[in-house]
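If you want the building blocks of each chain, they are given just below.
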Amino acid sequence: MSLPEQPAPDQAWHISASSLTVRYGRRIAVDGLDLTFGAGVHGLLGPNGAGKTTLMRVLATASPATGGSLRILGRPSGDRHHLRAVRRRLGYLPQRFGYYARFTVREFVEYVAWLKEMPAADIPGAAQRVIERVQLGDRAGHRMRTLSGGMVQRVGVAQALVNDPEVLLLDEPTVGLDPEQRVHLRALLRDVGAQTCVIVSTHLVEDIAAACSDVAIIDEGRVAFRGSVDQLAAAGSREDSGDSAVERGYTALLRQHRTRVVAAR
Amino acid sequence: MTAFRIELRRSSALLLAAATVVVGALLLWLLADEWTARWSGLAYLMRALLFALVPVALAAGAWQGGRDRRAGVTELFGTVARPYPQRLLPVALAMAAGVLVAYAALLAGGSVQVAPYASYAGGQWPVVVAVGAVALVAAAWLGMAVGRWVPSVLTPPTLLVFSFLGQMLSRLDNGVLLPVLATPSDLATVAPEFLAAQGVWFGGLAAAALLLVASATVWARALAAAVALAAAGVSSAVAPATAFVVSTDGATLVCADGEPRVCAPRIHAAVLPALTEPAREALRTLAPIPNAPTRVVATDLGWAPVAPQRTTDVLVVDLRFRLNATGRFEAAPAGLRTILLKGAGTQSCPDPAWGFERDVAADQAATGWVTGRPAGPATDEYGRLGERTLSELKALPRPEQLARLAAYRTAKVRCDRDPLTALTTGAPR
Amino acid sequence: MSGPGWARWELLYLRAREVPAAAALLPVTMLAVGVLANASAGPSSTAPAVVGVCAALLGVAFVGTTLGSADAVLEHTAAIRWWPRRTVHLVAGTIAVVLLLLAVDLAGPSLATTAELVRNTLGLIGVTALCASFTGSRLSWCPAAAWTLLAVVAGPRSSGAGQVLSWMLQPADARTAATTAALLAVSGAASYILAGPAGLRRA
């Protein structure tokens, strides 16, 4: 089966989705999303069960979309031909980060680098760099089973970063981190986002405010809002619930979106 | 290489190697008296170890196969570039390396026991061990495939117990598909065709298991099943009906210098120095009997194909159960003399129509005549019968005594007549 | 002890130890052992004893995998008196294995005397519980399995040390074997009940 010739990769967007739909049986988890992501740090915000994790899984090529079109790094996501090449340029931290407890931190990161088909000669150096980047240099030789939850989460970030990905997908990366580590991770994300498309899914609004250049709010599988963090902060008013401008903006935008949806029915 | 290096240290390969060495070494030690000083004995013991080592390899493989599910890495590793089969290859190779190194270590440990005493290095024993090693690799990989398919903590013990029971209860003696290979005699060697058939089967099984471990598609699984079935079919078809044949090298008689001739199979040549003098003395003791034996042959009477022709010319010494761990006679020279002169240098008849008891009584009488000692413990009816027969015999004129003993010896060799009657009445007229 | 709340807690305890799967599969595998033994019943006198020991090992291994939880470390910190719970767990598991063995023994070919089946189960569960308290539950059955493989392949021995080594293959009236099994059972149960399963996280 020969594939139709693809147009030249659209360099403007790392990820572009149109009418993206994911169904699980009769339940629609992602409902006709139109979204594009370029370089920078993008926040994906929404209540629990909004479809964030489903969307992240599809973007990470962990599960297929059931409708619409999705292009990752200029290639259609259903294209098995280019899947392997695309995956070499992806970094992914799933919501439930699984690991081999008997491996040391370095071994696990090197193993993931090998799975991402990095050249063997580059692997030790790259692993060392990302381990230091997540401040685990002194733990590199420790078994994963001996790490605390926050350290494991940082290994998760390190393995996602090890291949210098062009698209970095982090699902709830700040879970289990103490405040200091969280601040460090946000700085790291801003740094990586200078050249890379970073998508951070979270339900913690303050993460978005501190680390992201722009935000997408997802609710019931649809985009409720897309814009900059400033726009998000400006959307709220005194009457909206929340402890910060960004939180008030979030609740206001979510309420407006739900009103529109009800009206449309 | 990165992944192989890591898996070698962090997968269950080390666990498998450790378990194999511990269980195997303890078994080698516990069964030490069953593989006296012969390379082939060690080789078949290495195969007997598979009773325990194959279940261990299956269980360790199953534990390894369940790792991804236990660790919850399926989602993350489902998004990486490297295809699944490539990901599984390093860990499969690490498991194979672990079990092979452990098996080789056991062989090396056993060699330390054999090397100083073995008189005969020939034979195909390395191939016998090599086929066993392939069977172990196949078991480890098959376990991985099952563990991947059913990634439960209950899978390893279930596999272990059922594979062990299956082997123990299997009534296919030396079946071509079974890992364990038991030799019927020191003088037997496994038929090369049989060994080749086993190689095909276990090689095919290992290949199929590896395919199954690394399979990502239904087609790969179907191919694996086809390979396993084809290997089983081919090896069953080409395997000869009898696994063991007489070892032409090992069973060849080698004789001590000088006359009369005292010979032993080459594989047991180590018995000759101790045997020769007592054997010649026994021949001299028996010489007055008209049909006295003129030479001595040591052999294994436990296996029909190598049993020597029954003739009065040859005094046969059965080696079964009489050798120690260095391949020498366990008995002191005086004990050897008793062994040699038992029944005036004859062997028992298989399944005598007149009953073993009359055989025993006649033997006791004849032995007593030759050795000049009492016929034996007169504690039972036949012991007393033997004692009575001996005293009656001794009361006869000496030529008649010798004629009676000759008749007895003939009866024992032909097994067509009650030897006690021969001793009490002489040759049939 | 409020009814529904208490029952829910017990359910969580059992689930954390993956008891339901083991409880559901154990009868099935025991039945399979019985069928296998029936199919291969022959004149050989050692076979039924071997089947009996292997069946006991299988049951004990299943119980062994349930002796710990994935969150052993977390549970150690919970303010509950664990030892009565562990005692009940161990005793109930042992009784379940013995009853299943007796059922197989009655329904199928005779495996061994009741005394032998009980002795073997107790001794093997002792080894397993001891291991669980040192290395965790998931592979706690390994030493018991190794011992059984060794004893069965090497065959029963009659010397003093040999009787200790092959205790599970000795006749019911063998004092040394019974003493060995009793020591294993008591030390294993004590170690497990008092110390609990060793902490164990993911593979």
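Each chain has its residues counted from 1, following the order in which its sequence is written. Whichever chain is written first is A, and whichever ligand is written first is 1; the rest continue in order. For a predicted model such as this one, the threshold for reporting local features is a pLDDT of at least 70, and the threshold for listing and counting side-chain atom pairs is 80 or more; totals across whole chains, interfaces and linings nevertheless cover every residue. To obtain the side-chain values, all non-hydrogen atoms of the structure were used and water was disregarded.

1. Quick notes on the overall build of chain B
1) Next: Only DSSP runs of H or I reaching four residues or more are called helices, and only runs of E reaching two or more are called strands; each is numbered from the N terminus. Broken down by element type, chain B carries 17 helices and 6 strands.
2) Next: Relative to the compact-globule value of 22 Å for 429 residues, chain B shows a C-alpha radius of gyration of 29 Å, a clear excess of over 25%.
3) Next: Counting only C-alpha atoms and orienting by the principal axes, one finds that chain B spans roughly 100 × 40 × 40 Å.
4) Next: The cut-offs for exposure are 20% and 50% of the maximum accessible area for each residue type, with area from a 1.4 Å probe on protein chains only; residues under the lower value are buried, those over the upper are exposed, and the others partly exposed. The proportion of buried residues among the 429 residues of chain B is 54%.
5) Next: Only heavy atoms enter the contact rule, under which two residues are in contact if any of them lie within 4.5 Å. Pairs at least 24 residues apart make up 69% of the contacts formed inside chain B by residues separated by at least 6 positions.
6) Next: In the form shown here, chain B has an accessible surface area of approximately 17,700 Å², with 63% of it arising from carbon and sulfur atoms. The atom set for the radius of gyration is the C-alpha atoms, and the globule formula is 2.2 Å times the number of residues raised to the power 0.38. Residue burial considers only the protein chains on display, and all accessible areas are found by Shrake-Rupley using a 1.4 Å probe.

2. Some remarks on the interface of chain A and chain B
1) Next: Opposite the 29 residues of chain A that make contact, chain B presents 25 residues.
2) Next: Take the accessible area each of two parts loses on contact, using a 1.4 Å probe, and add the two losses: that sum is the buried area. Summing the contributions of chain A and of chain B, the shared interface buries around 2,500 Å²; its carbon and sulfur component is 58%.
3) Next: Three residues stand out in chain A for area buried against chain B, namely Tyr100, Trp114 and Leu115 of chain A, and they jointly supply 28% of the buried area on that side.
4) Next: Think of a salt bridge as a Lys or Arg side-chain nitrogen and an Asp or Glu carboxyl oxygen that are within 4 Å of each other. Inspection of the chain A/chain B interface yields 4 salt bridges.

3. Points about the sheet that holds strand S1 (residues 15–24) of chain A
Residue and element names in this part refer to chain A.
1) Next: Paired strands, in this sense, are two strands between which DSSP finds at least two bridges. With antiparallel pairing, the 4 strands of this open sheet are ordered in space as S2-S1-S4-S5. Where the open sheet ends on each side, the last strands, each with one partner, are strand S2 (27–37) and strand S5 (75–76).
2) Next: Pairing analysis gives 7 bridges linking S1 to S2, with the strands arranged antiparallel. Paired with Tyr24 across the bridge in S2 is Arg27.
3) Next: Running over the sheet, helix H1 (residues 52–59) touches S1, S2 and strand S4 (67–72) and is turned about 120° from S1. Whenever a helix is involved, its axis is fitted only over the stretch in contact; in every case the axis is a line through C-alpha atoms, and angles between N-to-C directions fall within 0 to 180 degrees.

4. Some thoughts on the pattern of salt bridges
Residue and element names in this part refer to chain B.
1) Next: Counting across every chain of the model gives 24 salt bridges over all chains.
2) Next: Residue Asp68 pairs with Arg87 through a salt bridge whose shortest N-O separation is 2.8 Å. Of this pair, Asp68 sits in helix H5 (residues 67–71) while Arg87 sits in helix H7 (residues 84–114); the two residues are 19 residues apart in sequence, bridging distant segments of the chain. For the pair Asp68 and Arg87, one class covers both residues: buried.

5. Here's the deal with the UniProt feature "transmembrane region" (unreviewed entry) in chain B
Residue and element names in this part refer to chain B.
1) Next: UniProt positions are given in the numbering used here, feature names are shortened, and annotations may be inferred rather than shown by experiment. Following the UniProt record, the feature "transmembrane region" (unreviewed entry) maps to residues 12–32, 44–63, 88–107, 127–147, 159–182, 194–215 and 222–246 here.
2) Next: Between the end C-alpha atoms of residues 12–32 there is a gap of 29 Å, over a span that is 86% helix and 0% strand.
3) Next: As annotated, residues 88–107 has a helix share of 100% and a strand share of 0%, and its two end C-alpha atoms lie 29 Å apart.

6. Description of a nonpolar patch on the surface
Residues and elements named next belong to chain B.
1) Next: On the surface, a nonpolar cluster with roughly 330 Å² of combined accessible area is contributed by Val22, Leu26 and Trp29.
2) Next: Structurally, the position occupied by Val22 is in helix H2 (residues 13–30).
3) Next: Judged by its relative accessible area of 48%, Val22 is partly exposed. Here a patch means residues that are over 30% exposed by relative accessible area and free of salt bridges, tied together within 9 Å if like-charged and within 5 Å if nonpolar (Val, Leu, Ile, Met, Phe, Trp, Tyr).

7. Structural notes on the UniProt feature "transmembrane region" (unreviewed entry) in chain C
Residue and element names in this part refer to chain C.
1) Next: Here the UniProt feature "transmembrane region" (unreviewed entry) sits at residues 21–41, 47–67, 88–111, 117–135 and 181–200.
2) Next: Here residues 88–111 runs as 83% helix and 0% strand, with 28 Å between its end C-alpha atoms.
3) Next: As annotated, residues 117–135 comprises 100% helix and 0% strand, and the C-alpha atoms at either end are separated by 27 Å.

8. Some words on the sheet that holds strand S3 (residues 253–255) of chain B
All names here are of chain B.
1) Next: Strands sit in the order S3-S4-S5-S6 across an open sheet of 4 strands; the sheet is mixed. Each edge of the open sheet is held by one strand with a lone partner, namely S3 and strand S6 (314–318). Across the sheet, the axes of successive neighbouring strands diverge by a mean angle of 25°, strand direction being ignored.
2) Next: With 3 bridges joining them, S3 and strand S4 (residues 262–265) adopt antiparallel strand pairing. Bridging across to S4, Cys255 finds its partner in Cys263.

9. Some details on the nonpolar core
1) Next: The definition of a nonpolar core used throughout is a set of buried Ala, Val, Leu, Ile, Met, Phe, Trp, Tyr and Cys residues joined through side-chain atoms within 4.5 Å. The biggest cluster of nonpolar side chains holds 138 residues, and the ones touching the most others in it are Leu27 and Tyr103 of chain B.
2) Next: The element that contributes the greatest number of residues to this core is helix H8 (residues 125–149) of chain B, accounting for 14 residues.
3) Next: Per the annotation, domain bounds derive from an automatic or database assignment of domains. Two domains share this core, each providing at least three of its residues, namely domain 1 (2–246) and domain 2 (253–425) of chain B.
4) Next: With residues near it in sequence (within four places) discarded, Tyr103 of chain B still touches Met46, Arg47, Leu50, Leu53, Val129, Gly132, Ala133 and Leu136 of chain B.
5) Next: Core analysis: the next-biggest nonpolar cluster, separate from the first, contains 91 residues, Leu35, Phe37, Val58 and Phe103 of chain A among them.

10. Overview of unusual backbone geometry
1) Next: The omega torsion of the bond from Glu259 of chain B to Pro260 of chain B falls at -10°, within 30 degrees of zero and hence cis.
2) Next: Relative to the helices and strands, Pro260 of chain B is located in the loop between S3 and S4.
3) Next: Not every positive phi belongs to a glycine, and Glu172 of chain A is a case in point at roughly 55°.
4) Next: With respect to the helices and strands, the residue Glu172 of chain A is situated in the loop between strand S7 (167–171) and helix H6 (179–192).
5) Next: Note on Glu172 of chain A: relative accessible area 6%, which makes it buried.
6) Next: For Ala344 of chain B, which is not glycine, the phi torsion reads 50° and is therefore positive.
7) Next: When you line up the elements, Ala344 of chain B lands in the loop between helix H13 (333–341) and helix H14 (356–371).
8) Next: Using a relative accessible area of 0% as the deciding quantity, one classes Ala344 of chain B as buried.

11. Points about the state of the cysteines
1) Next: The criterion for a disulfide is a pair of cysteine sulfur atoms lying within 2.5 Å. Considering all chains together, one arrives at 1 disulfide over all chains under this definition.
2) Next: The disulfide partner of Cys255 of chain B is Cys263 of chain B, and the S-S distance across this bridge is 2.0 Å. One quick way to see it: the torsion about the S-S bond of Cys255 of chain B and Cys263 of chain B is about 100°, and its sign makes the bridge right-handed.
3) Next: With a relative accessible area of 32%, Cys255 of chain B lands in the partly exposed category.
4) Next: Residue classification places Cys263 of chain B among the buried positions, given a relative accessible area of 2%.
5) Next: Just so you know, Cys212 of chain A is unpaired, no disulfide at all, and the nearest cysteine sulfur is the one on Cys197 of chain A, 11 Å from it.
6) Next: Cysteine Cys131 of chain C remains unbridged, with the sulfur of Cys142 of chain C as its closest cysteine sulfur at 7.1 Å.

12. Let's talk about the packing of helix H5 (residues 82–107) of chain C against helix H6 (residues 114–135) of chain C
Residue and element names in this part refer to chain C.
1) Next: Running from N to C, H5 and H6 cross one another at 145°; their axes reach a closest spacing of 10 Å. In terms of crossing hand, the pair formed by H5 and H6 is right-handed. Residue-level contacts link Leu90, Thr94, Val97, Val98, Leu101, Leu102 and Asp105 of H5 to Thr114, Leu117, Val118, Thr121, Leu122, Ile125 and Ala129 of H6.
2) Next: Throughout, the ten residues Ala, Val, Leu, Ile, Met, Phe, Trp, Tyr, Cys and Pro are labelled nonpolar, Asp, Glu, Lys and Arg are labelled charged, and all others, Gly among them, are labelled polar. Taken together, the residues of the contact of H5 with H6 break down into 10 nonpolar, 3 polar and 1 charged. Rotating anticlockwise by less than a right angle from the far helix to the near helix defines a left-handed crossing, while the corresponding clockwise rotation defines a right-handed one.

13. Here we look at the side chain of Thr66 of chain C
All names here are of chain C.
1) Next: Along the chain, the position of Thr66 falls in the loop between helix H3 (46–65) and helix H4 (72–77).
2) Next: Of the residues examined, Thr66 reaches a relative accessible area of 5% and is grouped as buried.
3) Next: A polar side-chain atom of Thr66 sits 3.0 Å from a polar atom in the side chain of His89.
4) Next: With residues up to four places along the chain from it excluded, the contact list for Thr66 reads Arg17, Glu18, Val19, Ala22 and His89. By the criterion applied in these results, polar contacts are pairs of N or O atoms within 3.5 Å in which, for protein atoms, one can donate a hydrogen and the other can accept it, and in which residues neighboring in sequence qualify only through two side-chain atoms.

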